[in-house]
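Listed below, chain by chain, are the residues.
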Amino acid sequence: MSSAPAAPPTPQVVFDEIVASVGRATVRDELQVTVIPAPSGLAPYSYALAADVNPARHSDDSDLGTGRLIILYDPESPEGWGGAVRVICYAQAPLETEIGLDPFVADVAWSWLVDALAARGADYTAASGTATKVLSTGYGELAAQGSGAQIELRASWTPLEHDLAAHVEGWAELLCMVAGYPPAAEGVAVLQPRRESRG
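In what follows, the accompanying structure is described.

Rules used in this analysis
- Along each chain, the written sequence defines residue order, and numbers are assigned to residues from 1.
- In keeping with the predicted nature of the model, local features appear solely for residues at pLDDT of at least 70, side-chain atom pairs appear and are counted solely at 80 or more, and the whole-chain, interface and lining totals rest on all residues.
- Hydrogens and water are ignored here; the side-chain numbers use all heavy atoms of the structure.
- Strands are runs of DSSP state E lasting at least two residues, helices are runs of H or I lasting at least four, and both sets are numbered from the N terminus onward.
- Partly exposed describes any residue whose relative accessible area lies between the buried limit of under 20% and the exposed limit of over 50%, with all areas from a 1.4 Å probe on protein chains only and scaled to the type maximum.
- Throughout, a contact is declared for two residues whenever any of their heavy atoms are within 4.5 Å.
- Computed over the protein atoms alone on a 1 Å grid, cavities are sets of points where a 1.4 Å probe fits but cannot get out and pockets are open sets with protein on both sides within 12 Å along at least five of seven lines; a residue lines them when it has an atom within 4 Å of a point.
- Grid points are joined across faces, edges and corners, and a volume is the space filled by probe spheres set on the points.
- Two strands qualify as a pair provided DSSP detects at least 2 bridges between them.

1. Points about the overall build of the protein
Now for step 1: When you go through the protein residue by residue, the secondary structure sums to four helices and six strands.
Now for step 2: Counted from the first residue to the last, the protein has its helices and strands arranged as α-β-β-β-β-α-α-β-β-α.
Now for step 3: Here the protein holds 199 residues, and the buried ones make up 42% of them.
Now for step 4: Within the protein, residue pairs in contact and separated by at least 24 positions form 66% of the contacts whose partners lie at least 6 positions apart.

2. Considerations on empty space enclosed by the protein
Now for step 1: Inspection of the entire model under this criterion finds one cavity of 30 Å³ or more.
Now for step 2: What the largest cavity holds in volume is close to 40 Å³.
Now for step 3: Together, Trp 110, Leu 113, Val 114, Leu 117, Tyr 124, Ala 127, Ser 128, Ala 155, Ser 156 and Trp 157 line the largest cavity.
Now for step 4: Within the residue set of the lining of the largest cavity, elements represented by two or more residues are helix H3 (105–119), strand S5 (124–137) and strand S6 (147–159).
Now for step 5: The leading source of residues in the lining of the largest cavity is H3, at four residues.

3. Observations regarding the pairing of strand S3 (residues 66–73)
If a strand is regular, its side chains alternate between the two faces of the sheet.
Now for step 1: Within S3, seven of the eight residues are buried, which leaves it mostly tucked inside the rest of the structure.
Now for step 2: In this structure, strand S2 (residues 45–53) lies alongside S3, joined through eight bridges in antiparallel fashion. Within S3, the residue paired with Tyr 45 across the bridge is Tyr 73.
Now for step 3: Note: S3 against strand S4 (residues 85–95), eight bridges, orientation antiparallel. Opposite Gly 67, over in S4, you have Ala 91 as the bridge partner.

4. Describing unusual backbone geometry
Now for step 1: Non-glycine residue Ser 77 carries a positive phi angle of around 50°.
Now for step 2: As for its placement among the helices and strands, Ser 77 is situated in the loop between S3 and S4.
Now for step 3: In this structure Ser 77 comes out as partly exposed when scored by relative accessible area, which is 35%.
Now for step 4: The phi angle at Ala 126 is positive, at roughly 55°, despite the residue not being glycine.
Now for step 5: By relative accessible area, Ala 126 is classed as partly exposed at 33%.

Below, the structure written as structure tokens:
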């Protein structure tokens, strides 16, 4: 006598499994990762992480780099996602001004994300994003700040599996790299961050 086929898992069960896979990710010692409230209204289910590179002050953004990772799950697979899960990431770090002037610095930041995900075997589709370099100069009462630069990367992609450990590890590696730490994989160039106060 054949048994009835098992009922498919509920969306909540699937999402719980996705979140559990995030907890299995291994990140570098230079990074402190915490769970934060996820934004509402983007998907029926969401989960978010914040990370600081070598955080200097509790609950404050790192002087070296900071980032966010948001995981969205919608069983209806919204148009444009190419799947039911969407990962959104943000990474930011200060740079030496002369490096910020490099016309290719944004290209390098994007390639780091692609390479970090590939190195960990994270399969995905429908990737998109922006890499922005910001140059600033203080004037008036802010003149003492001098000039500075920073790099910001915002990206999103659709994982091809529900195990997101490799995706979290790729994002974590990206944060360390934009902050100037040597990559875990050899043969990748490193930008020098701005480690001293502007002046």
